[in-house]
Amino acid sequence: MAKKITKSYKTKKRIVNIIVHVFLAILAFIWVMPIFWVILTSFRKEPGSYIDTFFPKHYTFNNYIKLFTDTNILNFPRMFMNTLVIAIFSCIISTFFVLSVAYCMSRLRFKLRKPFMNVAMILGLFPGFMSMVAVYYILKAIGLSEGSMIRVALVLVYSAGSGVGFYIAKGFFDTIPKALDEAACIDGATKWQVFTKITIPLSKPIIVYTVLTSFLAPWLDFIFARVICRANAAYYTVSIGLWNMLTKEYIDQWYTRFAAGAVCVSIPIAILFIYMQKYYAEGMSGAVKG
Amino acid sequence: MKFKKKKVSEFVSPYTVSDAWKKGDGKTKGSFLIMGLGLLTRHRYAKGLIYLGLEVLFILFMAASGLKSLANLPGLGSVTQHQVWNEAKGIYEYTAGDNSLLMLLYGIATLFVIIGFVLLWRSNVKSNYKAQVLSEEGRHLNTFKQDVATLFDGNLQSLLLAGPVTGVLIFTILPLVFMISMAFTNYSIKGNHLILFDWVGLKNFAQVLNMRSNIGKEFWSVLAWTLVWAVFATFLNYLFGMLLAILINRKDTHAKSFWRFCFVLSIAVPQFVSLLIMRTMLQPEGAVNVLLKNAGLISQSLPFFTDTTWARVTVIVINLWVGIPYTILQVTGILQNIPAELYESAKIDGASPFITFIKITLPYMLFVTTPYLITQFTGNVNNFNVIYLLSGGDPTPVGGTAGKTDLLVTWLYKLTIDKQYYNIGAVIGILTFIVLAIVALITYRNSGSYKNEEGFM
């Protein structure tokens, strides 16, 4: 009798297991399919935004070659370089800003600490680009809206306000034992030394996380970039370029090249992201724990 | 003695402006007018000169442009641009009229400068008074070099926060104040007020909130859809994401990291790329419809973005595709933190997996992740990307400004960028903020993490 029960229990378990795995496989297929489809499209020989079969009839590498060599209408290599430069600078500034603010909020005690944290939370509730038009006029008033200054303007837009996004880094700093700081202070270290010699070296995950997220922002944003670049095609970032490829006048010509561009942008980002996934989860759970 | 009853703060400075006024000597009082006077006469030249220099700069700025910008603020200009016949050249020339927008911007910027100067002035008075008290008591007064040294130690926050705070002030707060003040003007293409506009008080708010006006009707329906969307997008993502994470983390599931990789891969592709692709796939002549037609399943294209209900369901479902991987990432770590004893005792008591989920997992997760849920909810109310890139707010009724899937934010974008109804757009932005603030406050106040854990930050 007992044997029978364990046997039926085992078969039941096996059935549940099979169902779970099939279910996961179906879902994984749904999640991966669009990505797979883009990669297929980027190697498709037939132009146009859609064809009547799922798999292309002929494969070619031309879309990639053309994307980087045919620079008459939409200059993809230049957009790529623009974005890279902007991303590097804004990444340096915002990482510095975020880490400084997070350290101040986590470790230092001063009069304006609480008000600053509350203000940061309130600012987060406003729609981010509500002030976009105003930002444009401010940039115009300080002479950053024309010519190559547009790059400076974009760097400022992505990094200047980054100080309010300190919550995740603060959560991480909170988990570093305070005893370390105190020990260093007793040995005569200044708070600056504590910050640079103790906290920073111990915070690799959150630094990687901050660097990568701020590096990615210019690649992903296209709302601000579009308002600030307007018609200055020479300073377009990758995302505006890709968006333009799907507008009515270009879509038939450029759809497969759009797919190729999407793959080119996605591969580095995907690698960075999968690399930082661990830090992302760590940073988040740190912040949630407070 | 009322003064003493005041709440005592942790950070009270012994040197206050009122004390400086009451007990200050000639030098300190002199620094009320000539900043840094007390410091200069006490041989602290560097600091004193910095204060004095900043005061001179401020006065020069006010004289050069500040006063004018301030005077323009109440009226926002009145000179219209007009043509003047130039006899010598034989052409019409345009005289520059007033530009209300720039006047408003400069006016507000000047207000910021004045507030900054008042703060500087207060710190000047305090530091002069401090110099007086210390020298009266015969104590050491920091030299400039020592003052700089404190920036790296006791005063580190001033050094570290200077850059970020300036950035936030100029690129977040100043634009925000600027936009908020637009809500009280008639800056709009309506009535041709794009160059010259005026303060109109609360008229715009009345128009938007009025159920009978056109904009008002649209506002209430967009608001209702925004809330429905945010609730569905937040909780469906949370629930399904958590269930999937539990499935993947089950003891008997094989190849856990492979499954996780499949889902995370979709985050790694930039959102605007995947959303734009979805959009082209779901067009009436897009890949999905073509495939289904070829398979003989449908004879007419499915109205993914052309029928209201279809469009709304489509954006919610596609948002699941976008959002579930994030939830999996977030909750996996927390799920593993749930004490295993809880599950074991539930198993011994014969609880089904469903009951275990409802009674153990969900309450625990809700307790820990309420702050995360609130940020998700506000993020979804402000979820510009998904709606704008996917449906663009469509279907839009003829003659309307808002589409049936438009959220408040995408509508705001359309109103300001496409239609140039800047004032109405600003009102919508403010109302969005109010809605979010109310929701965030109520949920936060009622959440377990607020009630049971006072120290929770």
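Let us look at the overall build of chain B. The number of helices and strands found in chain B is 20 helices and two strands. Relative to the 2.2 N^0.38 estimate, which gives 23 Å for 457 residues, the radius of gyration of chain B is 31 Å and therefore markedly larger than a compact globule would have. With respect to the three principal axes, the spread of C-alpha positions in chain B is 90 × 85 × 40 Å. Across the 457 residues in chain B, those meeting the buried criterion constitute 34%. Considering only contacts in chain B between residues 6 or more positions apart, those separated by 24 or more positions represent 64%.

Now for the overall build of chain A. A tally of regular secondary structure across chain A gives 13 helices and zero strands. For 290 residues, the compact-globule formula gives about 19 Å, and the C-alpha radius of gyration of chain A, at 25 Å, lies well above that figure. Counting only C-alpha atoms and orienting by the principal axes, one finds that chain A spans roughly 85 × 70 × 30 Å.

This part covers the packing of helix α11 (residues 256–268) of chain B against helix α14 (residues 308–337) of chain B. Residues and elements named next belong to chain B. Between α11 and α14, the shortest axis-to-axis distance is 8 Å and the interhelical angle comes to 125°. Considered as vectors, α11 and α14 are oriented oblique to each other. When you trace α11 past α14, the crossing you get is left-handed. Residues Arg 260, Phe 263, Val 264, Ser 266 and Ile 267 of α11 form the contact with α14, whose own contacting residues are Trp 321, Ile 324, Pro 325, Tyr 326, Ile 328 and Leu 329. Looking at side-chain class alone, the contact of α11 with α14 contains nine nonpolar, one polar and one charged residues.

Considered domain by domain, chain B is made up of domain 1 (15–78 + 96–150) and domain 2 (203–451). Between the C-alpha centres of domain 1 of chain B and domain 2 of chain B there is a distance of 49 Å.

Now for the confidence of the model for chain B. Residue and element names in this part refer to chain B. In this model, chain B carries an average pLDDT of 83, and 94% of its residues clear a pLDDT of 70 or more. For chain B, the element scoring lowest by mean pLDDT is helix α1 (residues 2–5), at 44; helix α10 (residues 214–249) scores highest, at 91. With pLDDT under 50 throughout, residues 1–7 is counted as low confidence; its partners more than four residues away or in other chains account for zero contacts. Within the model, pLDDT remains below 50 along residues 453–457, and this stretch shows four contacts once partners closer than five positions in the same chain are excluded. In the predicted complex, the global pTM is 0.82; the interface-specific ipTM is 0.83.

Facing the 76 residues of chain B at the interface are 65 residues of chain A. Residues of the side of chain B that touches chain A, tallied by class, amount to 52 nonpolar, 20 polar and four charged.

A separate point is the environment of Ile 240 of chain A. Residues and elements named next belong to chain A. Tracing the chain through its elements places Ile 240 in helix α12 (residues 238–245). Taking the C-alpha atoms as reference points, Ile 240 and Arg 230, ten residues apart in sequence, are found 10.0 Å from one another. Beyond its immediate chain neighbours, meaning those up to four positions away, Ile 240 contacts Phe 222, Ala 225, Arg 226 and Cys 229.

The next subject is helix α16 (residues 353–381) of chain B. Residues and elements named next belong to chain B. With 29 residues, α16 extends just 33 Å between its outermost C-alpha atoms, more than 12% less than the 42 Å of an ideal straight helix rising 1.5 Å per residue. Taken as a whole, α16 carries its principal kink of about 70° at Thr 369; the proline Pro 371 stands between one and four residues after it. Those residues of α16 lying buried are Thr 361, Met 365, Val 368, Thr 369, Pro 371, Gln 376, Phe 377, Thr 378, Asn 380 and Val 381.

What follows covers the nonpolar core. In terms of nonpolar packing, the biggest core is built from 151 residues, with Ala 102, Leu 154, Val 157, Ala 169 and Ile 228 of chain A touching the most fellow members. Ranked by residues supplied to this core, first place goes to helix α3 (residues 76–107) of chain A with 13 residues. If you count residues domain by domain, this core takes at least three from each of domain 1 (15–78 + 96–150) and domain 2 (203–451) of chain B. Of all hydrophobic cores here, the second largest spans six residues; its members include Leu 37, Leu 39, Leu 40 and Ala 131 of chain B.

Cut-offs applied
- Residues numbered from 1 in each chain as written.
- Chains lettered and ligands numbered in written order.
- Predicted model: local features only at pLDDT ≥ 70, side-chain atom pairs only at ≥ 80, totals over all residues.
- Helix = DSSP H or I, 4+ residues; strand = E, 2+ residues; numbered from the N terminus.
- Rg over C-alpha atoms; globule rule 2.2 N^0.38 Å.
- Buried ≥ 20, exposed ≤ 12 C-beta atoms within 10 Å, placed from the backbone.
- Contact = placed C-beta atoms within 7 Å.
- Axes fitted to C-alpha atoms, helices over the stretch in contact; angles between N-to-C directions.
- Parallel < 35°, antiparallel > 145°, perpendicular 65-115°, else oblique.
- Left-handed = near helix turned anticlockwise from the far one by under 90°.
- Nonpolar A, V, L, I, M, F, W, Y, C, P; charged D, E, K, R; others polar.
- Domains from an automatic or database assignment.
- pLDDT = per-residue confidence, 0-100.
- Expected span 1.5 Å × (residues − 1).
- Bend = angle between axes of the 7 residues up to and from the residue.
- Core = buried A, V, L, I, M, F, W, Y, C linked by C-beta atoms within 7 Å.

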